[in-house]
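Structural overview for review
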Amino acid sequence: MKKFKLGIIGLGTVGSGVVECLQKNGSLFTSRYGFDYEIAKVAVRNLNSKRLVEVDQSLMTTDPQEVVDHAEVDIVLELMGGEEPARTLVLQALNNGKVVVTANKALIAEYGPEIFAAAEENNTRIFFEASVAGGIPIIKALHEGLSSNGIDSIHGILNGTCNFILSCMENGESFADALAEAQRLGYAEADPTLDVGGGDAGHKAAILASLAYGQWFTKETVSVKGIDKLELTDVEFARDAGYRIKLIANILKTVDNKVSIDVQPTLVPQQSMIGSVMDAYNGIKIHGNTVGDTFFYGQGAGKDATSSAVVTDIIDASQAIASETISNYPGFKPFDGADGAADLSSVVSRFYLRVVVEDSPKVLSSITGILGDHNVSIASITQKESHEKAVPVVILTHEVLTKELEEAIKAISELPVVKSQPHTFRLED
Ligand code: HSE
């Protein structure tokens, strides 16, 4: 029986989940695939930290170099996250001819071309299913299940932490309490501003767009807005109008064969499929030009979801190594799927707009006048009675050119009666 030796960098939430899964399902893998796994080396930050799993102390090191240079290691698992030193270690592992499995979306999104080139040069591969949408096999879907399709759009929830926070806020919990709970449950990144600021979903959107259209989309081509400016009042206004706020990644092939990519808080109908995705779950709709709509749903963050994807990659890698077909495995192959990134200001959409204003005569008419001057048509306008001096006014628009809405917002924010920077979120029916 073939035994594969694993070198692990990082034994935090994901690393522990991977070891647990290998321990739990080891005999199943042996009977199903004929492989056995042995952990040869594990690099951790601190040898004395309390761990979620037991690993032989003699295998532990604080030097990740020992993992990437280990003569017997077949597969290196990069589970430390972040850009550096992860990038350097992954490149070294590939240059040493190792197969690499990673859950690191920042690494793939920021350095994909360099990393895939290193894998190609060394006749090896990097597997990265866990980098997008946790336990949902979305990369496999793009590479394999939907390969007969041109991709028209990818639309969905790609960050479990934000979806968990938004779900908690619907129950009246504060943003700060919900984030603390997401961190406790192991959903959030080490730096949670990447989650709530939209950067994590932006990285994932860039990876999906790059795979779907066969060209590398850098972070400069992704417009990102997080949920960090969202307030309970937005969640309540949305609910009263029949919507839920979700952090949505929207990847769309435009009529001129370009790709628009953005991540932003979006009001979606409460009863829609995407509106029903709650807690740390992700939901992604892919529209293929042959299959039509497909919808993928599953746990998008956390130990078990992420380790499920990592271990699937380990099994795929093992099968490819065993059959000597590793260099046939799809890494990133450029193809002619689109003509680059679209200018997002030309995207047409409905919007939610919240403006905090002084409660005095002519205020509403000055705001609606500016919107009208920029061809923004109003679908509804709400101001709840209040005894405060400053009150929120919420406007839902009809479809409008993003550029025109942005210009209107700039003019509205300069009105003396407007008390803080207006908030806008996209709205979808
Ligand atoms: N922090 C990420 C999320 C983990 O919340 O989705 C999974 O990539």
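In this report, we go over the structure that sits alongside the text. (Residues numbered from 1 in each chain as written. Predicted model: local features only at pLDDT ≥ 70, side-chain atom pairs only at ≥ 80, totals over all residues. Heavy atoms only, no water.)

**Some remarks on the overall build of the chain**
The secondary structure content of the chain amounts to 13 helices and 17 strands. Since a compact globule built from 429 residues should have a radius of gyration of about 22 Å, the 24 Å found for the chain is in line with a globular shape. Within the chain, counting contacts between residues at least 6 apart in sequence, those at least 24 apart form 74% of the total. In the form shown here, the chain has an accessible surface area of approximately 18,400 Å², with 49% of it arising from carbon and sulfur atoms. Computed over 36 positive and 57 negative side-chain charges, the separation of the two mean positions in the chain equals 2 Å. (Helix = DSSP H or I, 4+ residues; strand = E, 2+ residues; numbered from the N terminus. Rg over C-alpha atoms; globule rule 2.2 N^0.38 Å. Contact = heavy atoms within 4.5 Å. Areas by Shrake-Rupley, 256 points an atom, 1.4 Å probe, with all protein chains shown as cover. Lys, Arg positive; Asp, Glu negative; His and termini not counted. Charge placed at Lys NZ, Arg CZ, Asp CG, Glu CD.)

**Some words on the packing of aromatic side chains**
Here the structure, examined in full by the defined rule, presents eleven aromatic pairs. Ring centres of Phe-29 and Tyr-33 lie 6.3 Å apart, and the angle between their planes is 40°; on these two criteria the pair is classed as tilted. Of the two residues, Phe-29 and Tyr-33 are both situated in helix α1 (residues 13-33); the distance of four residues between them amounts to about one turn of the helix. Residue Tyr-33 is classed as partly exposed on the basis of its relative accessible area, which comes to 25%. Clustering of aromatic rings is evident, with ring pairs tying together Phe-116, Phe-128, Trp-216 and Phe-332. (Phe/Tyr/Trp six-rings, centres within 6.5 Å; stacked < 30°, edge-to-face > 60°. Buried < 20%, exposed > 50% of the residue type's maximum accessible area, 1.4 Å probe, protein only.)

**Remarks on the site of the ligand**
Around the ligand lies a shell of 13 residues, among which Lys-105, Gly-160, Thr-161, Glu-189 and Asp-195 are the nearest. The separation between an oxygen atom of the ligand and a polar side-chain atom of Lys-105 is 2.6 Å. Note that an oxygen atom of the ligand is positioned 2.8 Å from one of the backbone N or O atoms of Gly-160. Coverage of the ligand by the protein amounts to 95% of the 260 Å² it exposes when considered alone. Among the secondary structure elements, those contributing two or more residues to the shell around the ligand are α6 (160-170) and α9 (199-213). Residue classes in the shell around the ligand are distributed as four nonpolar, four polar and five charged. (Near = heavy atom within 4 Å. Polar contact = N/O pair within 3.5 Å; in protein donor to acceptor, adjacent residues only side chain to side chain. Nonpolar A, V, L, I, M, F, W, Y, C, P; charged D, E, K, R; others polar.)

**Observations concerning the nonpolar core**
Ile-138, Ile-154, Ile-251 and Ile-286 are the most contacted members of the largest nonpolar core, which has 83 residues in total. Top element by residues in this core is α9. It accounts for nine residues. Formed by 36 residues, the second largest nonpolar core is a distinct cluster that contains Phe-4, Leu-6, Val-44 and Leu-77. (Core = buried A, V, L, I, M, F, W, Y, C linked by side-chain atoms within 4.5 Å.)

**Concerning the pattern of salt bridges**
For the structure on display, the rule yields 25 salt bridges. For Glu-20, the salt bridge goes to Lys-303, with nearest N and O atoms at 2.9 Å. With a gap of 283 residues between them, Glu-20 in helix α1 and Lys-303 in helix α11 (residues 303-322) connect regions that are remote in the sequence. Here Glu-358 and Lys-419 are joined by a salt bridge, their closest N and O atoms 3.6 Å apart. Of this pair, Glu-358 sits in strand β13 (residues 348-358) while Lys-419 sits in the loop between α13 (402-413) and β17 (423-427), placing them 61 residues apart in sequence. Here Glu-358 falls in the partly exposed class, since its relative accessible area comes to 31%. Each of Lys-3, Lys-5, Glu-38 and Glu-72 takes part in salt bridges that share partners, so that together they form one network. (Salt bridge = Lys/Arg side-chain N within 4 Å of Asp/Glu carboxyl O.)

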